[in-house]
Amino acid sequence: MNLSPVPAMRQVGSLFALGLEVFRLMWRRPFQFRELVQQFWFVASVSILPSALVSIPFGAVIGLQLGSLTTQIGAESFNGAASVLAVIQQASPIVTTLIIAGAGGSAICADLGSRTIREEIDAMEVLGVSAVQRLVVPRVLAAMLVAVLLNGMVSVVGVAGGYFFNVIMQGGTPGAYLASFSALAQLPDLWVSELKALMFGFLAGVVAAYRGLHPRGGPKGVGDSVNQSVVITFLLLFFVNGVVTAVYLQLVPAKGM
Amino acid sequence: MGVEIAVEGLGKSFGPQTVWRDVSLTLPPGEVSVLLGPSGTGKSVFLKCLVGLLRPEHGSILIDGVDLVGCKERQRYELRKLFGVLFQDGALFGSMTLFDNVAFPLREHTRYRESKIRRIVFEKMEMVGLTGAEDKLPGEISGGMRKRAGLARALVLDPEIILCDEPDSGLDPVRTAYLSQLLIDLNAQIDATILIVTHNINVARTVPDNLGMIFRKELVLFGPREILLTSTEPVVAQFLNGLRHGPIGMSEEKDQATLEAERARYGDGAELPEIVPQLEPSPGLPVRDAVRRRKDRLVQSLHTLAPAAQQNVLSSLTEHEMARYGLRRSTRAGGVL
Ligand SMILES: Nc1ncnc2c1ncn2[C@@H]1O[C@H](COP(=O)(O)OP(=O)(O)O)[C@@H](O)[C@H]1O
Ligand SMILES: [Mg+2]
């Protein structure tokens, strides 16, 4: 393991360069529409079921925790509000992150990695076709679209799960839940949540593509790359999530009661 | 006619590991050249530098007068249109059928109608002997077929420069012979500059006009086939004969002591085999212009060659050519007037 900072910085630099390149080529014609549809379908198919399965317990846990806490301090009526804040603003982008990086990103990385070691990418470049435009851009766009979609889905499923556990299991009142829900929740919450998802999709796609295009030595290298791509994406996304949340809380004042 | 590639002082390393340094050679336009070297000496890396996939740290690569190393991205994409590259394992797109693979460059770079694309693709597939396999996926065919399909894809835009990375590896001797013949026939038909990278001795002896060899991170020699095939340079002699004794060891270069011991046992320098005649284009094809151009070049610089090489060049000339160049055959070995 090389611990000198220079190669690491160089990696960050080329990752950043790939991100810019993807952004630049996104607008360049011809647009690879077929590839986008195929990749969208592919990423969606590997990630929808796991995220639904993860988001139900997530909503439930938040609901239960908050439920017992609010009962202790006598604020049961704020259950709905608290759970919607927690689920929409934080939980669902995080769940989306985990799934996009773990299921979608790893699949993208493995696919591009095996193409790289089979020299398909080189062959494409030699034929005068940019592999970034042809292969990476549709994959990144697909990851972004799926992230937005998943985020919406996870929000709905999470809130529904919270409602179910709070109202049915802990005997909360549906009216109070919904009333506090609309008292605290505001539309910008959803927008920022979707914006986060969009950014996460982009980052996950770019990191996965970067690791896939640069595997180290042979088929074993692809496995390592997939592994690293997931870990790097996690770290990066949690960091970005922190920054975006902090900025959002500064810019958009919380709704008063 | 094909395009000249002039490589000057090229050096490439990956981090601390130098692959090769100070490589200078000129691939004469329209001629067939072979670059030999043991496995792992960086032959594939050299090819990738020539098409701009890897960036060498030192030196320049002039293609048709434009420096590929220093030029802009856009220019590099333009230059690449001159190339047809056959990668080591064919590098076919795994999700496309052979037909779509071969049609890919046409669909990307031309506005031909589908019927015209079909005609061209079928023609190239027939050329490499793959008629009937158009609908197969790359995963369903043998390595040799993948390689031939890769060649068909490389040829479809009528390149001026053809680069082949080990066209013979994984092929049986008969298929290798067919492929060698195919490359020579191609050269006769389209007069492209061809560079073949290989460690196959047979290909090196029969196919190229010019021959070079990379060893110990350097280009040992590069020049007309007569020079390498008659060279007494120990590495070249060992390699071209596939011998165990010589500077090349199993895993790396041998040390001095082992070399001394071998020298005592086998004597100095291996006997080089006879120069076998070069492959001719198949009957019915035009003669290769490259042969004439190369002879002109060789005869002009004849006095700079080693006697054995001179002898070889001379014996390859017909009476008619001797007269044209104003040479007379002498009875003394190597004598030219
Ligand atoms: N992308 C790369 N990154 C790091 N090292 C590489 C890369 N490509 C090739 N090498 C190294 O360069 C050397 C030459 O490789 P190669 O050109 O494939 O040899 P050859 O084709 O002559 O068998 C090998 O030691 C290989 O490990
Ligand atoms: Mg190689």
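In the block above lies the structure referred to throughout.
To keep things clear, this report deals only with the structure shown in the data block.

Calculation rules
Sequence order sets the numbering: in each chain, residues are counted from 1 along the sequence as written. As a convention, the first chain written is A and the first ligand written is 1, with the rest following in written order. Only residues with pLDDT of 70 or above have their local features reported here, since the model is predicted, and side-chain atom pairs are shown and tallied only from 80 upward, although totals for entire chains, interfaces and linings are computed over all residues. The basis for every side-chain value is the complete set of heavy atoms in the structure, and neither hydrogens nor water enter the calculation. Under the DSSP-based scheme used, a helix requires at least four consecutive residues in state H or I and a strand at least two consecutive residues in state E, with every element numbered from the N terminus. By definition, residues are in contact when any of their heavy atoms lie within 4.5 Å. Charge counting treats Lys and Arg as positive and Asp and Glu as negative, with His and both chain ends excluded. All charge positions are set by atom: Lys at NZ, Arg at CZ, Asp at CG, Glu at CD. In this description the radius of gyration comes from C-alpha coordinates, and the expected globular size is given by 2.2 Å times residues to the power 0.38. Burial classes follow relative accessibility: with a 1.4 Å probe on protein chains only, a residue under 20% of its type's maximum area counts as buried, one over 50% as exposed, and anything between as partly exposed. To qualify as a nonpolar core, a set must consist of buried Ala, Val, Leu, Ile, Met, Phe, Trp, Tyr and Cys residues joined through side-chain atoms within 4.5 Å. When DSSP finds two or more bridges between two strands, those strands count as paired. In these notes, residues near a molecule or strand are those with any non-hydrogen atom within 4 Å of it. Pairs of N or O atoms are called polar contacts if they sit within 3.5 Å, as long as, within protein, a hydrogen donor faces a hydrogen acceptor (for residues adjacent in sequence, only side-chain-to-side-chain pairs). With residues, only the protein chains shown are counted as cover, and all accessible areas are computed by Shrake-Rupley using a 1.4 Å probe. Gly is placed with the polar residues, together with every amino acid not listed as nonpolar (Ala, Val, Leu, Ile, Met, Phe, Trp, Tyr, Cys and Pro) or charged (Asp, Glu, Lys and Arg). An expected span of 1.5 Å times one less than the residue number is assigned to each helix. The convention used is that axes are lines fitted to C-alpha atoms, helices contributing only their stretch in contact, and that angles between N-to-C directions extend from 0 to 180 degrees. Metal donors: N, O and S atoms at distances within 2.8 Å, or within 3.2 Å for Na, K and Ca, with water omitted from the atom set so that some sites may seem incomplete. Working definition: roughly parallel below 35 degrees, roughly antiparallel above 145 degrees, roughly perpendicular at 65 to 115 degrees, and oblique for all remaining angles. Crossing handedness: left-handed means the near helix sits turned counterclockwise from the far one by under a right angle, and right-handed means the same turn made clockwise. Basic side-chain nitrogens of Lys or Arg form a salt bridge, by our definition, when they fall within 4 Å of a carboxyl oxygen of Asp or Glu. Here, patches come from residues exposed beyond 30% relative accessible area and free of salt bridges, joined within 9 Å for like charges and within 5 Å for nonpolar side chains (Val, Leu, Ile, Met, Phe, Trp, Tyr).

The subject of this paragraph is the overall build of chain A. What chain A contains, in helices and strands, is eight helices and zero strands. When the helices and strands of chain A are listed from N to C terminus, the series reads α-α-α-α-α-α-α-α. In chain A, the proportion of contacts linking residues at least 24 apart, taken out of those at least 6 apart, comes to 86%. Averaging the locations of the 14 positively and 11 negatively charged side chains of chain A gives two centres separated by 4 Å.

Of the regular secondary structure elements, chain B holds 13 helices and ten strands. Relative to the globule expectation of 20 Å for 337 residues, the C-alpha radius of gyration of chain B, 21 Å, shows essentially globular dimensions. By its C-alpha atoms, chain B is 65 × 55 × 40 Å across when sized along the principal axes. The buried share of chain B, taken over its 337 residues, is 51%. The long-range fraction of contacts in chain B, counting pairs at least 24 apart against all pairs at least 6 apart in sequence, stands at 65%.

Here we come to the nonpolar core. Ranked by size, the top nonpolar core spans 80 residues in total, and within it Val22(A), Phe46(B), Ile61(B) and Ile63(B) carry the most contacts. With 13 residues, the single largest contributor to this core is helix H5 (residues 131-169) of chain A. Among residues more than four places away in sequence, those in contact with Ile61(B) are Ile5(B), Ala6(B), Val7(B), Leu10(B), Cys49(B), Leu50(B), Pro56(B), Val66(B), Asp67(B), Leu68(B) and Val69(B). Core analysis: the next-biggest nonpolar cluster, separate from the first, contains 47 residues, Ala103(B), Leu171(B), Ile184(B) and Ala192(B) among them.

All names here are of chain B. Neither face of strand E6 (residues 83-86) is open: one carries Phe83 and Val85, the other Gly84 and Leu86, and all of them are buried. Of the pairings in the sheet, the one linking E6 to strand E7 (residues 161-165) comprises four bridges and is parallel in character. Looking at E7, one finds that Val85 is bridged to Leu163.

Attention now moves to the site of ligand 1. Residue and element names in this part refer to chain B. What surrounds ligand 1 is the set Phe14, Gln17, Val19, Ser39, Gly40, Thr41, Gly42, Lys43, Ser44 and Val45. Within the backbone of Gly42, an N or O atom sits 3.1 Å from an oxygen atom of ligand 1. In the environment of ligand 1, an oxygen atom lies 2.8 Å from a nitrogen or oxygen atom belonging to the backbone of Lys43. Burial of ligand 1 by the protein chains amounts to 58% of its free accessible area of 570 Å². Contributions of two or more residues to the shell around ligand 1 are made by strand E2 (17-27) and helix H1 (43-50). Looking at side-chain class alone, the shell around ligand 1 contains three nonpolar, six polar and one charged residues.

The next point concerns helix H7 (residues 187-213) of chain A. Between its terminal C-alpha atoms H7(A) stretches 39 Å, which fits the 39 Å expected from 27 residues at 1.5 Å a residue. Extensive coverage of H7(A) is indicated by the burial of 19 of its 27 residues.

All names here are of chain B. As summarised here, the arrangement of the four strands in space is E2-E1-E4-E5, forming an open sheet in which the pairing is antiparallel. The sheet is open, and its two edges are formed by E2 and strand E5 (66-67), each paired on a single side. One ladder, built from seven bridges, connects strand E1 (residues 5-14) with E2; its direction is antiparallel. Across the sheet, the residue bridging to Ala6 is Thr26, located in E2. In the packing of H1 onto the sheet, contacts are made with E1, E2 and strand E4 (58-63), and the angle to E1 comes to roughly 120°.

We now examine the coordination of the magnesium ion (ligand 2). Taken together, the protein donors to the magnesium ion (ligand 2) comprise Ser44(B) (OG) and Gln88(B) (OE1), at separations of 2.0 to 2.7 Å. Of the two residues, Ser44(B) is situated in helix H1 and Gln88(B) in the loop between E6 and helix H3 (98-109); the sequence distance between them amounts to 44 residues.

Moving on: the sheet that holds E6(B). The strands that make up a sheet pair up through hydrogen bonds in the backbone, lying either parallel or antiparallel. Residue and element names in this part refer to chain B. Strands sit in the order E6-E7-E8-E3-E9-E10 across an open sheet of six strands; the sheet is mixed. Strands with a single pairing partner mark the edges of an open sheet, and in this sheet they are E6 and strand E10 (218-224). Within the sheet, the average angular offset between the axes of one strand and its neighbour, ignoring direction, is 15°. Relative to strand E9 (residues 210-215), helix H9 (residues 234-241) is tilted by about 105°, and along the sheet it contacts strand E3 (32-36), E9 and E10.

Now for the packing of helix H3 (residues 79-117) of chain A against helix H6 (residues 174-184) of chain A. For any two helices packed against each other, the geometry is given by the interaxial angle and the distance between the axes. Residue and element names in this part refer to chain A. Relative to each other, H3 and H6 sit at 50°, their axes nearing to 6 Å. As the angle between them shows, H3 and H6 are arranged oblique. Seen from above, H3 lies across H6 with right-handed handedness. Contacts between H3 and H6 involve Asn79, Gly80, Ala81, Ser83, Val84 and Leu85 from the former and Tyr177, Ser180, Phe181 and Leu184 from the latter. Taken together, the residues of the contact of H3 with H6 sort by class into six nonpolar, four polar and no charged.

Below, the discussion takes up the pattern of salt bridges. Between side chains of opposite charge, pairing is possible as soon as their charged atoms come close. A complete count under the given rule lists 26 salt bridges over all chains for this structure. Across the pair Lys48(B) and Asp122(A) runs a salt bridge whose closest N-O atoms are separated by 3.4 Å. Taken together, the residues Lys48(B) in helix H1 and Asp122(A) in helix H4 (residues 120-126) connect one chain to another. Among the salt bridges present, the one from Lys12(B) reaches Glu57(B), with a minimum N-O distance of 3.5 Å.

Moving on, we come to unusual backbone geometry. All names here are of chain B. The phi angle at Asp22 is positive, at roughly 50°, despite the residue not being glycine. With respect to the element layout, Asp22 can be found in strand E2. The backbone of Asp158 shows a phi angle near 50°, a positive value even though the residue is not glycine.

Next up on the list: the packing of helix H1 (residues 5-25) of chain A against H5(A). All names here are of chain A. Two numbers describe how H1 lies on H5: the axes approach to 10 Å, and their chain directions differ by 95°. In terms of their interaxial angle, H1 and H5 are classed as roughly perpendicular. Two secondary-structure elements touch here, H1 through Leu18, Glu21, Val22 and Leu25 and H5 through Val132, Gln133, Val136, Val137 and Val140. Its residues placed into classes, the contact of H1 with H5 shows seven nonpolar, one polar and one charged.

The next subject is the environment of Val3(B). With respect to the helices and strands, the residue Val3(B) is situated in the segment before E1. A C-alpha to C-alpha distance of 8.7 Å links Val3(B) and Leu27(B), two positions 24 residues apart in sequence.

This paragraph deals with a nonpolar patch on the surface. All names here are of chain A. Together, Phe239, Val243, Val247 and Leu251 line one region of the surface with nonpolar side chains, adding up to about 410 Å² of accessible area. With respect to the helices and strands, the residue Val247 is situated in helix H8 (residues 218-251). Using a relative accessible area of 41% as the deciding quantity, one classes Val247 as partly exposed.

Fair warning: the whole summary comes from geometry, so function is off the table for now.
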